[in-house]
Amino acid sequence: MLDLTYETPKPKVIAGAKHDWELVIGMEIHAQVSSNAKLFSGASTAVGAEPNSNVSFVDCAMPGMLPVINEYCVEQAVRTGLGLKAQIHLRSAFDRKNYFYPDLPQGYQISQLYHPIVGEGEVLVEMAPGVARLVRIERIHLEQDAGKSIHDMDPAMSFVDFNRTGVALMEIVSRPDIRGPEEAAAYVVKLRQILRYLGTCDGDMQHGNLRADVNVSVCRVGQYEKYQETQDFSHLGTRCEIKNMNSMRFIQAAIDYEARRQIAIVEDGGQVVQETRLYDPDKGETRSMRSKEEAHDYRYFPCPDLLPLEIEQAWVDDIAARMPELPDAKKARFMGDFGLTDYDANVLTADLESAAFFEAVAQGRDGKTAANWVINELFGRLNKEGHGIGDSPVSAAQLGGMLDLLSKGEITGKMAKELFEILWTEGGDPAEVAAARGMKAVTDTGAIEAALDALIAGNPAQVEKAKVNAKLAGWFTGQVLKATGGKADPAVVNAMVAAKLGL
Amino acid sequence: MSNANELTIAAARDKLRAGDLSAVDLTMACLTAMDAGDTLGAFVHKTPEIALEQARAADARLQAGGAPDLCGIPLGIKDLFCTKGVPSQAASNILAGFKPEYESTVTAKLFDAGAVMLGKLNMDEFAMGSSNESSCYGPVVNPWRSDDRELSPGGSSGGSAAAVAGDLCLAATGTDTGGSIRQPAAFCGIVGIKPTYGRVSRWGIIAYASSLDQAGPMTKSVRDAAILLGAMAGHDPKDSTSADLPVPDFEAALTGDIRGKKIGIPREYRVAGMRPEIQKIWDKGAEMLRDAGAEIVEVSLPHTKYALPAYYVIAPAEASSNLARYDGVRYGHRAKLAAGDGITEMYEKTRAEGFGAEVQRRVMIGTYVLSAGFYDAYYNRARKVRALIKRDFEQAFAAGVDAILTPATPTPAFGLGEMSSADPVEMYLNDVFTVTLNLAGLPGVSVPVGLDADGLPLGLQLIGRPWEEGELLNHAYVLERAAGFVAKPQKWW
């Protein structure tokens, strides 16, 4: 494995009317735990079901119903913690967060305020090759999701769907280590990537399975370093929390807007009010969700229906032993074993399926060539036609077979592109297709030589020009390729042209 | 047998097995007694059809042989237990019309064992109260009277205690959060045991204060308590606080032999102003146990005086959260709304109409003690007190004490209405001897030991080691036999 060392990126600086300002950002990511059943009931978590069809008596808070922890959700949280190199707490506990809302049938959310299952960890967020921010994770806790209120079905009434009620969420809380909108988005991307590698959250932001609350504050240049030295938040500005963001683009836009709003307030001599805000993507602005008077007092207290959650180190060790290779390690391995560039390694490790596809193609072949074909030809085509890697018409074996023909010189690069096209549209075994279509590179140097000799003899003027300007030698190559019907290897022809013309 | 309703479980079991009595006849006798006892207000919902169907099934099972102890035994079920298809309202208007689609674990176990359900029993609303006067159905009247004064049966399991004492059923289920089984048992001259926390499943029992709630039997004898507890107890994977321990044969533990056992008398329970008749019965109880061969020792439970305040922080705190689900959205009562009313008005009006005064008081106390800025001063401090109280008991038991003897209540049954005008704290003082066990999670049994000068029953409480209900009941059995308490309320209803 390569030892990757990184430089720290520069924080984003926004110029105010009077001063330069830096951003300080912390995030709370709510990630839906991938599991078949809910956190405290056996009800299904399947999406797309009829409203209120995946609801148990526990979920809709019938009298006398009690929660029972779903062990698999605990395992997923532990796996996530291990994936973020975090401390796993063998003893954690559940608390109730109390508030009234129709989509919260119990009148409280069972969460883990005081004793979360996962403690401090970290996420390495790469901003450019060799430049990365190490974002510290403060904690991860398990909690229940709420249901869904529906206000637009009837002019007078509201409806509520409890299918989502009680589904397990992991709240992943970062330290205020993120220093700009781009870093914030990159952090979410990286975290999402890790979760998907782990199989603990599908990362589907469109369906709200991964959503972010973003805490933003601004401070004068130099203040953040004081905070770092002392861990004293008073060196930083007052933060506002922007709730429930589920798009990378909106996250960046909201942070940018919010930072500028706060700078304007402070430069005007005002004070930022600590509050919860919502981002309105239509207007491109954040606005206050509730006033201070309406602020919730959640009256957290230990949930008396659940005993403290105690897990054994041996169980954690067993989960650790079954951990998949994570993005950073895979990337390092791809760079080390296959000689990939930083960029290519990033692209190919973005998700597990792409990485697996590439590895299957690259195994026993030239890694760089494999990367070029997978990224440029395959991904390019997949993107263009709206396919995912999972439903690629060309399999890794087909692409690999084609690369074998190419590397043995049995087909030329041009033929390879044609062959790829045929494999894409018609399928088939690369070697068989190439044979059936008469795709065979001319490797007979005698034939190439004869064609070149004839050209040189017939075009003395061109020979003179090429001798003065070597670039013009390409004309001969082109003519030879034409004469051999494109079956000659351009590299072989080039070399021969250079030799014959004495270049 | 026309008066079969007066039988104990043990006696009826033997007659049923011997074929001297049919479950249907026994059930009929109880249904008749139940109807004749309407003035007591013990039953709030009668289920004669279910009872007779269950009785017929029980008779078939008895005939086939090998039927469990409870087969054919008619019981009353506290309204706090959810019973499938049968109104289960916790005696609250907020659950008006609520019929669960599920059966609580306890009642399911009882019915599986062949028990017969006569109906649902009155109680204080959401089990909050010590007089059964906070019920939406109105109060229960104690079958015991003095000078024709109508007395409270105690609470919150007042309907259960009255129904058993008045022979409307053979036994009943109760629940106990701060004394709700033991205090009414003492007021009505019957036996009631609160098992160790976790011994009986809470699944399907409407929650008051989850860390304190525990169901238990209310019976005419200690033997009946042992039989009924055996059927109610057991691990339930649906209740995370239920203990995964085997259920011993509690009845077999009733050997009557307590020679060499050490009985602790906690000096802190001699509260100021204790009535002489209570002190007298307490002394008498200790004497009976000594005469049976036990050693009486004084023990100290130094944090006892903080128990009541700690209880009245922790229980309302949990209640305020547990009762948040009664919001008018999904089931039960929903207030009629005025034009323009939104969700906040719906909550406010529904809960104001649906909850009685005592429930509202506790929800407000609970909300207050959990709120930001007060949490440490109240809730956290109460939790610390709770840990200290638990430690007091642990130290007493570690010093070799086998059981602890205390009064069950500071007074005999008081008159209906007597407490309603008083400071609520007056009512809360009823729990002074009982709440400590709930805080510590320990088993405790209330046994009738004698009558006061007015002819009202007085009970003593025995406190046992965790999970040692068998031994605890054996101590109670000795006390019961020594006291020879056979008094019954004179039937006036």
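Here the structure is a predicted model, which means the values were calculated and not measured.

Right, let's get into the sheet that holds strand β7 (residues 262-266) of chain B. Residues and elements named next belong to chain B. An order of β1-β3-β2-β4-β6-β5-β10-β11-β9-β7-β8 is seen for the eleven strands of this open sheet, with the pairing classed as mixed. Each edge of the open sheet carries a strand with a single partner, namely β1 (43-46) and β8 (295-299). Mean inter-strand twist for the sheet, computed between neighbouring axes without regard to direction, equals 30°. Note that strand β10 (residues 444-451) and strand β11 (residues 457-464) share seven bridges and pair antiparallel. In the strand pairing of β11, V447 is matched with L460. Relative to the sheet, helix α5 (residues 158-165) contacts β1, β2 (74-78), β3 (116-121), β4 (171-176) and β6 (214-219), its axis offset from that of β4 by approximately 155°.

The next subject is the domain arrangement of chain A. Domain annotation for chain A reports domain 1 (5-317), domain 2 (324-436) and domain 3 (445-501). For domain 2 of chain A and domain 3 of chain A, the distance between their C-alpha centroids amounts to 32 Å.

A separate point is the side chain of Q32 of chain A. Residue and element names in this part refer to chain A. Within the element layout of this structure, Q32 appears in strand β2 (residues 20-32). Of the polar contacts made by the side chain of Q32, one reaches the side chain of R164; its length is 3.0 Å. Those residues in contact with Q32, other than ones at most four positions away along the chain, are R164, V167, A168, L169, T200, C201 and N209.

Overall, the coordinates contain 32 aromatic pairs over all chains when judged by the stated rule. Note on W475 of chain A and F476 of chain A: the rings are 5.0 Å apart at their centroids and 85° apart in plane angle, and the pair reads as edge-to-face. In this structure F476 of chain A comes out as buried when scored by relative accessible area, which is 0%. When the centroid spacing of 6.3 Å and the interplanar angle of 70° are considered together, the rings of Y326 of chain B and Y331 of chain B count as edge-to-face. By relative accessible area, which is 3% here, Y326 of chain B ends up buried. A network of ring pairs unites the aromatic residues F98, F126, Y326, Y331 and F355 of chain B as a single cluster. Its guanidinium or amino end placed over the ring of Y108 of chain A, R96 of chain A lies 4.0 Å from that ring's centre, counting from NZ or CZ. In this structure, R145 of chain B is placed above the aromatic ring of W492 of chain B, and the distance from its NZ or CZ to the ring centre is 3.9 Å.

A word on the interface of chain B and chain A. Facing the 40 residues of chain B at the interface are 30 residues of chain A. Carbon and sulfur atoms supply 60% of the area that chain B and chain A bury against each other, a total of about 2800 Å² over both sides. Two residues, R202 of chain B and D305 of chain A, come together in a salt bridge whose shortest N-O distance is 3.2 Å. Of all elements in the fold, only α9 (307-322), α10 (343-354), α11 (357-370) and α12 (376-398) of chain B reach the threshold of two or more residues within the side of chain B that touches chain A. When residues in the side of chain B that touches chain A are grouped by element, the largest group, five residues, is from α9 of chain B. Residues of the side of chain B that touches chain A, tallied by class, amount to 20 nonpolar, ten polar and ten charged.

Okay, a nonpolar patch on the surface next. Residue and element names in this part refer to chain A. Taken together, the side chains of M153, M157 and F159 make up a nonpolar region of the molecular surface, amounting to roughly 310 Å² of accessible area. With respect to the helices and strands, F159 occurs in strand β9 (residues 159-161). For F159, a relative accessible area of 32% puts it in the partly exposed group.

Under the present numbering, the feature "domain: Amidase" (unreviewed entry) in UniProt falls on residues 26-473 of chain B. Split by type, residues 26-473 of chain B is 35% helix and 14% strand. Its first and last C-alpha atoms lie 27 Å apart.

Within the largest apolar cluster, 174 residues are counted, with the highest numbers of intra-cluster contacts made by L70, L110, F126, F393, L405 and L473 of chain B. Top contributing element to this core by residue count: α9 of chain B, with ten residues. Contacts of L405 of chain B, omitting those with residues within four sequence positions, involve I263, G264, I265, P266, W282, G285, A286, L289, L460, Q461, L462 and L479 of chain B. Core analysis: the second largest hydrophobic core is formed by 100 residues, W21, V218, I263 and A371 of chain A among them.

Cut-offs used in this document
Residues numbered from 1 in each chain as written. Chains lettered and ligands numbered in written order. Predicted model: local features only at pLDDT ≥ 70, side-chain atom pairs only at ≥ 80, totals over all residues. Heavy atoms only, no water. Pairing = 2+ DSSP bridges. Helix = DSSP H or I, 4+ residues; strand = E, 2+ residues; numbered from the N terminus. Axes fitted to C-alpha atoms, helices over the stretch in contact; angles between N-to-C directions. Contact = heavy atoms within 4.5 Å. Domains from an automatic or database assignment. Polar contact = N/O pair within 3.5 Å; in protein donor to acceptor, adjacent residues only side chain to side chain. Phe/Tyr/Trp six-rings, centres within 6.5 Å; stacked < 30°, edge-to-face > 60°. Buried < 20%, exposed > 50% of the residue type's maximum accessible area, 1.4 Å probe, protein only. Lys NZ or Arg CZ within 6 Å of the ring centre and 35° of its normal. Buried area = accessible area lost by both parts, 1.4 Å probe. Salt bridge = Lys/Arg side-chain N within 4 Å of Asp/Glu carboxyl O. Nonpolar A, V, L, I, M, F, W, Y, C, P; charged D, E, K, R; others polar. Patch = residues over 30% accessible without salt bridge, like charges linked within 9 Å, V, L, I, M, F, W, Y side chains within 5 Å. Areas by Shrake-Rupley, 256 points an atom, 1.4 Å probe, with all protein chains shown as cover. UniProt positions renumbered as here; feature names shortened; annotations may be inferred. Core = buried A, V, L, I, M, F, W, Y, C linked by side-chain atoms within 4.5 Å.

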